[in-house]
Amino acid sequence: MTAGRLLRARDRAATPWRNGGGVTREIAAGPADAGLDDFVWRVSLADVAAGGPFSAFPGVDRVITVVDGPGMELTIDGTPHLVDARFAPFRFRGDAVTDCRLLGGPLVDFNVMTRRTAASAEVLMVRGPFEAAPPAGAVTLVVVLSGTAVDTGSGRILERFDAVLYEAGETGAHRVDGVTAVVTVTGTARD
């Protein structure tokens, strides 16, 4: 098995939001040097301290998952949606007018964004053993959201929020004690 690229949580910088409502830590993006205006795909964790409007991302599809905290109510184009179950991915359009109301305090969420005309993402929450093996034209990102995971091929132990990025042709088997997000992004040709 080929090991994939290890991305330790401790190596990520926190980027404060412009509105002061929280911070984001980017886990991985494609292309690797992309910013918020030109990514094809982007995966991050956010510490949300206060509710408020979401930034608009025209042409972007989003998947948000509550990791810690009581959850939130998202009002998307005027329709409220309760997002309060931990580890339950919720999809919505990044160009929709979206406002967030916290349900009882700060939270941590897991975010996956893909440029609609260039890529798409499958987001799975895994609680047992699995193998990561992205097909041609795809990448798979494995992120430990609670507990730990062991890459059984290399013996690497992944702590909370650590990740491994697998390119097409790379594989990795994992044993999970907790919950791990497995994100497969297809249409990554601009990587």
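The present account deals with the structure reproduced in this document. What you see is a predicted model; the values in this text were computed from it and never measured.

### Examining the nonpolar core
Here is step 1 of the chain: In this structure, Ile 27, Phe 110, Leu 141, Leu 145 and Val 183 are the most contacted members of the largest nonpolar core, which totals 29 residues.
Here is step 2 of the chain: Going through the elements one at a time, strand E3 (22-30), strand E4 (41-48), strand E6 (60-68), strand E11 (107-115), strand E12 (120-126), strand E14 (138-151), strand E16 (163-167) and strand E17 (172-186) are the ones with two or more residues in this core.
Here is step 3 of the chain: One finds Val 66, Met 72, Leu 74 and Cys 100 within the second-largest nonpolar core, a separate group that totals 14 residues.

### A word on the sheet that holds strand E2 (residues 15-16)
Here is step 1 of the chain: Ordered by their spatial adjacency, six strands build an open sheet running E2-E3-E4-E11-E6-E9, and the pairing between neighbours is antiparallel. A strand with exactly one partner marks an edge of an open sheet, and here the two such strands are E2 and strand E9 (90-93).
Here is step 2 of the chain: In terms of strand pairing, E6 meets E9 through four bridges, oriented antiparallel. Pairing of Ile 64 across the sheet is with Phe 90, part of E9.

### Points about the packing of aromatic side chains
The geometry of an aromatic ring pair is captured by two quantities: the separation of the ring centres and the angle between the planes.
Here is step 1 of the chain: Evaluated as defined, the whole model comprises three aromatic pairs.
Here is step 2 of the chain: Taken together, Phe 54, Phe 90 and Phe 92 form an aromatic cluster joined through their ring pairs.
Here is step 3 of the chain: Sitting over the ring of Phe 39, Arg 115 keeps its end group 4.4 Å from the ring centre.

### So, the pattern of salt bridges
Here is step 1 of the chain: Under the counting rule described, the total for this entry stands at ten salt bridges.
Here is step 2 of the chain: Here Arg 116 makes a salt bridge to Asp 61, at a shortest N to O gap of 2.8 Å. Within this pair, whereas Arg 116 is found in the loop between E11 and E12, its partner Asp 61 is found in strand E6, the two being separated by 55 residues in sequence.
Here is step 3 of the chain: Of the charged contacts, one joins Arg 160 and Asp 68 as a salt bridge, the two residues approaching to 2.3 Å between their closest N and O atoms. Taken together, the residues Arg 160 in the loop between strand E15 (157-158) and E16 and Asp 68 in strand E6 connect sequence positions 92 residues apart.
Here is step 4 of the chain: Through salt bridges with shared partners, one network takes in Asp 61, Arg 93, Asp 95 and Arg 116.

### Focus: unusual backbone geometry
Here is step 1 of the chain: The peptide bond linking Gly 30 to Pro 31 adopts the cis configuration, its omega dihedral lying at -10 degrees.
Here is step 2 of the chain: Considering the arrangement of structural elements, one finds Pro 31 in the loop between E3 and E4.
Here is step 3 of the chain: The backbone of Asp 77 shows a phi angle near 50 degrees, a positive value even though the residue is not glycine.
Here is step 4 of the chain: Here Phe 87, not a glycine, exhibits a phi torsion of approximately 65 degrees, which is positive.

### Observations concerning the side chain of Thr 180
Here is step 1 of the chain: Position of Thr 180 among the secondary structure elements: in strand E17.
Here is step 2 of the chain: Since its relative accessible area comes to 0%, Thr 180 is described here as buried.
Here is step 3 of the chain: Leaving out residues up to four positions away in the same chain, Thr 180 has contacts with Leu 124, Met 125, Val 126, Phe 130, Val 142, Val 143, Val 144, Leu 145 and Ala 149.

Cut-offs and rules
Residues numbered from 1 in each chain as written. Predicted model: local features only at pLDDT ≥ 70, side-chain atom pairs only at ≥ 80, totals over all residues. Heavy atoms only, no water. Core = buried A, V, L, I, M, F, W, Y, C linked by side-chain atoms within 4.5 Å. Buried < 20%, exposed > 50% of the residue type's maximum accessible area, 1.4 Å probe, protein only. Helix = DSSP H or I, 4+ residues; strand = E, 2+ residues; numbered from the N terminus. Pairing = 2+ DSSP bridges. Phe/Tyr/Trp six-rings, centres within 6.5 Å; stacked < 30°, edge-to-face > 60°. Lys NZ or Arg CZ within 6 Å of the ring centre and 35° of its normal. Salt bridge = Lys/Arg side-chain N within 4 Å of Asp/Glu carboxyl O. Contact = heavy atoms within 4.5 Å.

In short, geometric facts, not functional conclusions.
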